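One letter stands for each residue in the lines below.
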Amino acid sequence: MPLLHRRVTAFTATHHTEVYGLGLGRPSLAGAWSHDRRGPGLEPLLLAALDRRQLLAACARNRPVPWRSAIHALMTGHDGLLGDPVTAWRALAAGP
């Protein structure tokens, strides 16, 4: 996923919803990347490309890897990637 995001920008821009979506019940590349057992690591620009509402919803469903990525971004100076940091922290805190 990170390689696709960095190197095949025209394709990912054209298929943004399909590539970066984390919608419920719909498989996607972003979903597979975020649930990789090794963890996705912090890819700030890739995290920024994800739909914030869907990312926070995945966190609210207690998916461990999106939680880890979102919190890592908020704690390492990449908090702007998730929109307003206060709003993002509140959304994360409202999860299970």
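Preceding this section is the structure that the text describes.
None of the values given here were measured: they were computed from a predicted structure.

We now examine the overall build of the chain. Looking only at helices and strands, one finds 8 helices and 0 strands in the chain. Across the 96 residues in the chain, those meeting the buried criterion constitute 36%.

With that settled, consider the environment of T17. Inspection of the secondary structure puts T17 in helix 3 (residues 16-20). In sequence terms T17 and A30 are 13 residues apart; their C-alpha atoms lie 9.8 Å from each other.

Moving on, we get to a nonpolar patch on the surface. Side chains of I71, M75 and W89 sit close together on the surface and give an oily, nonpolar patch of about 290 Å² of accessible area. Counting through the fold element by element, M75 comes out in helix 7 (residues 64-75).

This paragraph deals with the nonpolar core. Counting 18 residues, the largest nonpolar core has Y20, L47, L50, L55, L82 and L92 as the members making the most contacts within it. Those elements giving two or more residues to this core turn out to be helix 3, helix 4 (29-34), helix 5 (44-49), helix 6 (52-60), helix 7 and helix 8 (85-93).

The rules we used
Residues numbered from 1 in each chain as written. Predicted model: local features only at pLDDT ≥ 70, side-chain atom pairs only at ≥ 80, totals over all residues. Heavy atoms only, no water. Helix = DSSP H or I, 4+ residues; strand = E, 2+ residues; numbered from the N terminus. Buried < 20%, exposed > 50% of the residue type's maximum accessible area, 1.4 Å probe, protein only. Patch = residues over 30% accessible without salt bridge, like charges linked within 9 Å, V, L, I, M, F, W, Y side chains within 5 Å. Areas by Shrake-Rupley, 256 points an atom, 1.4 Å probe, with all protein chains shown as cover. Salt bridge = Lys/Arg side-chain N within 4 Å of Asp/Glu carboxyl O. Core = buried A, V, L, I, M, F, W, Y, C linked by side-chain atoms within 4.5 Å.

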